[in-house]
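Examining the three-dimensional arrangement
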Amino acid sequence: MMKLIGMVMMCMLSFGAIAAPQYIQHRPLDQRISTPVSNVSSSTDQLPIITWGGDIATIFGNGNQRSTSKGSIFDKHGLKFKLVREDVFANQVKNYLSGKTPYLRGTLGMINSASYLLSKNSKTKPVVFYQMTWSSGGDALVVKSSVKKVKDLKGKTIALQADGPHVDYLARILGDAGLTVNDIAIKWLPDLTGTDNSPMAAFYENGIDAAFVIIPDALALTSGGNVGTGSEDSVKGAKILMSTKTANRVIADVYAVRSDYYQANKTKVHTLAKALMEAEEALGKLITNRSSQAGAYKKAMMASAEILLDSPEAIADAEGLYADCAFVHFDGNVKFFTDRKYPRHLEKVSREINVGLKQFGLVTGKNALDKANINYKQLKTGLGVTSVAQKSRFKKDEVSALVARKQQQNSLEESELFSFEVYFKPNQKSFSADLYKDDFSKLVDLASTYGGAIISVEGHADPMEYLRAKKKSQPNIVLGRIKQSARNLSLSRAQSVRDEIIEFAELKGIRMDTAQF
């Protein structure tokens, strides 16, 4: 996809200046859409998809075709669909209301932004029944040189797609930095990528300080993810301030269905959820074994490249889309929909989203989502790998080297999300964790949301004993012993804090990655 975007932009530059972006006045969906509610058509089952790596599994499950092919995973479950790519969410909502399709495909934030409008009629109230993925690198905040950290966004202007996947991402980032929507200005764009009316195109304008874009656009703007040189498609001094590689539990991709259709077709909807899980699993195995199944792998990627990117040759771009998402599989769906201890469950993420949507003035009433009543014990039958193996996202030596380098450059605080101090009594390496429950709770919440972030714990010891000994001209061997004792105490204190945080998280049913520290 990066190559595709690059080719489009280079062609535009070759034939003349890029047209100025046409910004729009963004209003709530219920003030813009007046499509009357109609019953779902019985003649066809359209299933919307969007340009996202998770939808490659949907295409694969449909037999690598727009219309369900014989012998495909969907066909074996008695499902027949026509896949319709629709990246303009407002158009999806219109099709949903008019009965052209009973389904909505988007991020949880997009579904929430429409839920007030759709819940005005009980027939069309959305029922979320399936989580596909979390974005784990596919979305980024690109900034110009005047922005060093998130707090620097105060007073700045940000380019953002209306009704798109980044509205709740921005709200979460602002909230965690202690800012609100009143601290920034937003320029709304109708398109996500590939046009003059996208955030990437707006980022070239002098009045834009930051933009939320998909990762291929972010790489182009920043000279491959470094610092923009100003050549080709890059902007001089531009950099990626944050991406979902760090905030990898913010943007959830889901499917929802109309309430009236769900009540009449529960078995079919539940079967679709299972078929999607099977497709995820089968595609994952194919990708793992692609060297021995090169023909089948190429067929799947070419089909997805054609359906999602309008070119069967854009295989590398389709592979990039797939790499930027994390499928949650069966176990992830169980946690998301049923486990209230899971820190990123449906209700909690929806509450966060709605706080942000209200700040932006994009909802005018109470949002309401239902969730499907799925018997997951029954659904599990026949599935093989039900979850992704718990592997560390971090390499300990690389994490240590990165933190050390940032300390030397005095830049560690630039990307800081949250910090607090723990106090010890003289010469003690233990402390009362009860005094820091609120801090621990916020840290665990942030670590659950920003699963790619590093947690840095610094230990310190009082230098007075060393300074007094030095003043008394104690020999170097004594000074060295005192200094080493202070270092040991500092390390023990840091380890004590880390261990208490991990134990605190475990009591809440949350597993923290020790390599993240």
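Every value quoted in this text rests on a predicted model; they were computed, and no experiment measured them. (Residues numbered from 1 in each chain as written. Predicted model: local features only at pLDDT ≥ 70, side-chain atom pairs only at ≥ 80, totals over all residues. Heavy atoms only, no water.)

Helices and strands together make up the secondary structure of the protein chain, namely 19 helices and 12 strands. On C-alpha atoms alone, the protein chain measures out to a radius of gyration of 25 Å, which is about the 24 Å that the 2.2 N^0.38 rule sets for 517 residues. With respect to the three principal axes, the spread of C-alpha positions in the protein chain is 95 × 60 × 55 Å. Counting every position in the protein chain, which comprises 517 residues, the buried fraction comes to 50%. The long-range share in the protein chain, meaning contacts at least 24 apart out of those at least 6 apart in sequence, stands at 77%. (Helix = DSSP H or I, 4+ residues; strand = E, 2+ residues; numbered from the N terminus. Rg over C-alpha atoms; globule rule 2.2 N^0.38 Å. Buried < 20%, exposed > 50% of the residue type's maximum accessible area, 1.4 Å probe, protein only. Contact = heavy atoms within 4.5 Å.)

Counting 112 residues, the largest nonpolar core has Val93, Phe129 and Leu153 as the members making the most contacts within it. Formed by 17 residues, the second largest nonpolar core is a distinct cluster that contains Ala433, Phe440, Phe504 and Phe517. (Core = buried A, V, L, I, M, F, W, Y, C linked by side-chain atoms within 4.5 Å.)

Under the definition given, this model contains 15 aromatic pairs. Aromatic pair Phe129 and Tyr255: ring centres 6.2 Å apart, planes at 25 degrees, arrangement stacked. Within this pair, whereas Phe129 is found in strand S4 (residues 126-135), its partner Tyr255 is found in strand S10 (residues 252-258), the two being separated by 126 residues in sequence. Note on accessibility: Phe129 and Tyr255 belong to one class, buried. Summarising the aromatic geometry, the rings of Tyr169 and Phe212 are spaced 5.3 Å apart at their centres and angled 70 degrees between planes, so their arrangement reads as edge-to-face. Note that Tyr169 is positioned in helix H6 (residues 167-176) and Phe212 in strand S8 (residues 210-214), a separation of 43 residues in sequence. Since its relative accessible area comes to 0%, Phe212 is described here as buried. Between Arg105 and the ring centre of Tyr255, over which it is positioned, the NZ or CZ distance is 5.8 Å. It is Lys187 that lies over the ring of Tyr23; its NZ or CZ is 5.2 Å from the centre. (Phe/Tyr/Trp six-rings, centres within 6.5 Å; stacked < 30°, edge-to-face > 60°. Lys NZ or Arg CZ within 6 Å of the ring centre and 35° of its normal.)

Okay, the packing of helix H17 (residues 437-449) against helix H19 (residues 476-507) next. It is at 10 Å that the axes of H17 and H19 come closest, and there the two elements cross at 75 degrees. When the interaxial angle is binned, H17 and H19 end up roughly perpendicular. Contact residues: Lys437, Phe440, Ser441, Leu443 and Val444 in H17; Glu500, Ile501, Phe504 and Ala505 in H19. Within the contact of H17 with H19, the residues separate by chemical class into 6 nonpolar, 1 polar and 2 charged. (Axes fitted to C-alpha atoms, helices over the stretch in contact; angles between N-to-C directions. Parallel < 35°, antiparallel > 145°, perpendicular 65-115°, else oblique. Nonpolar A, V, L, I, M, F, W, Y, C, P; charged D, E, K, R; others polar.)

A few words on the pattern of salt bridges. Within this structure, the stated rule accounts for 20 salt bridges. Here Asp445 makes a salt bridge to Arg172, at a shortest N to O gap of 3.1 Å. With Asp445 in helix H17 and Arg172 in helix H6, the pair connects residues that are 273 residues apart, well separated along the chain. Across this residue pair, the class does not change: Asp445 and Arg172 are buried. Members of the salt-bridge network, linked through shared partners, are Arg172, Asp176, Arg344, Lys348, Glu352 and Asp445. (Salt bridge = Lys/Arg side-chain N within 4 Å of Asp/Glu carboxyl O.)

Before going further, it helps to examine the sheet that holds strand S9 (residues 239-243). With respect to topology, 5 strands assemble into an open sheet ordered S7-S6-S8-S5-S9, the strand pairing being mixed. At either end of the open sheet lies a strand with only one pairing partner, and these are strand S7 (185-189) and S9. Across the sheet, the axes of successive neighbouring strands diverge by a mean angle of 30 degrees, strand direction being ignored. In this structure, strand S6 (residues 157-161) lies alongside S8, joined through 2 bridges in parallel fashion. Looking at the pairing, Ala159 lines up with Ala211 of S8. On the sheet, H6 packs against strand S5 (139-143), S6, S7, S8 and S9 and is oriented at approximately 145 degrees with respect to S6. (Pairing = 2+ DSSP bridges.)

Glancing now at the environment of Tyr23. Mapped onto the elements of the fold, Tyr23 is located in the loop between helix H1 (2-14) and strand S1 (46-49). You can call Tyr23 partly exposed: its relative accessible area is 29%. Expressed as a C-alpha distance, the spacing of Tyr23 and Asn197, which sit 174 residues apart in the sequence, is 7.3 Å. Leave out the neighbours within four places in its chain, and Tyr23 touches Lys187, Trp188, Leu189, Ala202, Glu205 and Ile208.

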